Amino acid sequence: RERGWTHWHHLFAPRQLLQLVRFQEVIRSRARNDEERLVGALALGRMLNWNSRLCMWNRHLAKTEQTFANLALNPLSDFGVRSWPALKSTVVRKIPGHGGRLSEASIADARSPGPAFDLCITDPPYDDAVHYDELSSFFSVWHCDFLPDPIPGQPLESGDFATGLQEAFQNLRARMRSGGRIILMFAQNASSSWTDLACAVEAAGLFVRAVWPIDLEPRPGLKRGRFGTLAVVVVLSTDEGPGAPDDPRAMAHAAGLNDDDDPDRRTANLRACAGACALRRSALRGGDPSTHFRSILDELAV
Ligand SMILES: C[S@@+](CC[C@H](N)C(=O)[O-])C[C@H]1O[C@@H](n2cnc3c(N)ncnc32)[C@H](O)[C@@H]1O
């Protein structure tokens, strides 16, 4: 699948490398302060996204697509290289909200200590479905001269997924005030990842209070036809309390997912609800969510 591409520079054609290196030189020589270097780095990021050998050539519209048209670095045999005028329109942009609101955010490893909270809304990594570390390296090798390392030390996704998720949940549990909630989004097809999630929830002494399936539609464009990826919103708390229904048909009905005209989509929706219910059952009754998932699918005969 690597097509012989073994080094970062293989992700760029010679003209692209020249354009990018020239642009870096312009930032270095022209930016007068950190703010201007930051704006330059943002423009460089846009340039990287629209000008690599991972930019698919769209034959129908005779244009190049962006590197991150999908969430993976997939080598292509057929790609487009932009001229500077064609690149300018993607790079030179008015930053939305410029001159308007100012908001502040801090970046921290979810496994490290932090302030107490009542509500945590989080979207943890999806195991090996998306390789965020690899994806961010695509930019960071070009940005390192202009941006400080946001979290010095070991990479965020060091160690294995199950242990990291468990450590993060244990840390969140310790910081959550009484009556608090953690709301997390999780999207996965591999049953082992659902097992990891259920184990991490249990090990942290948390309870699944509700599971809502979302994002069940087929994706447009590149991902067309890949439907049924199970994405859910899970509500966790430190007390058991009454939980969400663990019957997939009731869940599909409550979410209006039975009404879809397309029978394939109805089945995909029901399968996704089955996955969400498997997580709920494993939290309520113990056991591996993938076993619950298989038995629910048998019960449903889908
Ligand atoms: C599913 S993505 C979140 C995407 C985000 N909701 C968005 O729409 O852009 C998961 C994110 O968790 C980050 N991450 C991975 N390990 C982490 C850790 N230990 N602490 C904090 N964040 C982490 C990844 O870098 C990635 O950006």
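For every chain, the first residue of the written sequence is number 1, and numbering continues from 1 onward in sequence order. In keeping with the model being predicted, local features are shown solely for residues with a pLDDT of at least 70 and side-chain atom pairs are shown and tallied solely at 80 or more, while totals for entire chains, interfaces and linings include all residues. Side-chain measures here rest on the full set of heavy atoms in the structure, leaving out hydrogens and waters.

Draft legend 1. How the structure looks around the nonpolar core. Residue types Ala, Val, Leu, Ile, Met, Phe, Trp, Tyr and Cys, when buried and joined through side-chain atoms within 4.5 Å, form a set referred to as a nonpolar core. In this scheme, a residue with accessible area under 20% of its type's maximum is buried, one over 50% is exposed, and one in between is partly exposed, where area comes from a 1.4 Å probe on protein chains only. Counting 60 residues, the largest nonpolar core has Phe169, Ile182, Leu197 and Leu236 as the members making the most contacts within it. Shared between two domains, this core holds at least three residues of each, these being domain 1 (8-91) and domain 2 (117-145 + 158-300). Boundary definitions for the domains trace back to an automatic or database domain assignment.

Draft legend 2. Representation of helix α5 (residues 161-175) in the model. A run of H or I in DSSP counts as a helix once it spans at least four residues, and a run of E counts as a strand once it spans at least two, with each numbered from the N terminus. To estimate how far a helix should extend, the number of its residues minus one is multiplied by 1.5 Å. The terminal C-alpha atoms of α5 lie 21 Å apart, and with 15 residues this matches the ideal 21 Å at 1.5 Å per residue to within 8%. Any N or O atom pair separated by 3.5 Å or less is treated as a polar contact, with the protein-specific requirement of one donor-capable and one acceptor-capable atom, and with residues adjacent in sequence counted only for side-chain atom pairs. Sitting at the head of α5, Asp160 places a side-chain oxygen 3.3 Å from the backbone nitrogen of Ala162.

Draft legend 3. View of the packing of helix α2 (residues 34-50) against helix α3 (residues 84-91). It is at 9 Å that the axes of α2 and α3 come closest, and there the two elements cross at 125°. Taken as axis vectors, α2 and α3 run oblique relative to one another. Read as a crossing pair, α2 and α3 show a hand that is right-handed. Packed against α2, whose contacting residues are Ala43, Arg46, Met47 and Trp50, the element α3 presents Trp84, Leu87, Thr90 and Val91 at the interface. Partitioning the contact of α2 with α3 into residue classes produces six nonpolar, one polar and one charged. Lines fitted to C-alpha atoms define the axes, with helix axes restricted to the stretch in contact, and inter-axis angles between N-to-C directions lie between 0 and 180 degrees. Should an angle lie under 35 degrees it is considered roughly parallel, over 145 roughly antiparallel, and from 65 to 115 roughly perpendicular; all remaining angles are considered oblique. Handedness of a helix crossing follows the sense of rotation of the near helix relative to the far helix, less than a right angle counterclockwise being left-handed and clockwise being right-handed. Only heavy atoms enter the contact rule, under which two residues are in contact if any of them lie within 4.5 Å. Amino acids outside the nonpolar list (Ala, Val, Leu, Ile, Met, Phe, Trp, Tyr, Cys, Pro) and the charged list (Asp, Glu, Lys, Arg) are all regarded as polar, and Gly is one of them.

Draft legend 4. View of the packing of aromatic side chains. Only Phe, Tyr and Trp rings are paired, with Trp represented by its six-membered ring, and only when their centres lie within 6.5 Å; those with planes under 30 degrees apart are stacked, over 60 edge-to-face, the remainder tilted. Going through the model one piece at a time under the given rule, you end up with seven aromatic pairs. Aromatic side chains Phe12 and Phe138 sit 5.7 Å apart centroid to centroid with 25° between the ring planes, which places their arrangement in the stacked category. Of this pair, Phe12 sits in the segment before α1 (14-30) while Phe138 is found in helix α4 (residues 132-143), placing the two residues 126 residues apart along the sequence. The same class applies to Phe12 and to Phe138, which are both buried. Plain terms: the ring middles of Phe23 and Trp84 are 6.4 Å apart, the flat faces sit at 40° to each other, and that makes the pair tilted. With Phe23 in helix α1 and Trp84 in helix α3, the pair connects residues that are 61 residues apart, well separated along the chain. Here a set of aromatic residues connected by ring pairs shows up, and it is made of Phe12, Phe68, Phe138, Phe139 and Trp142.

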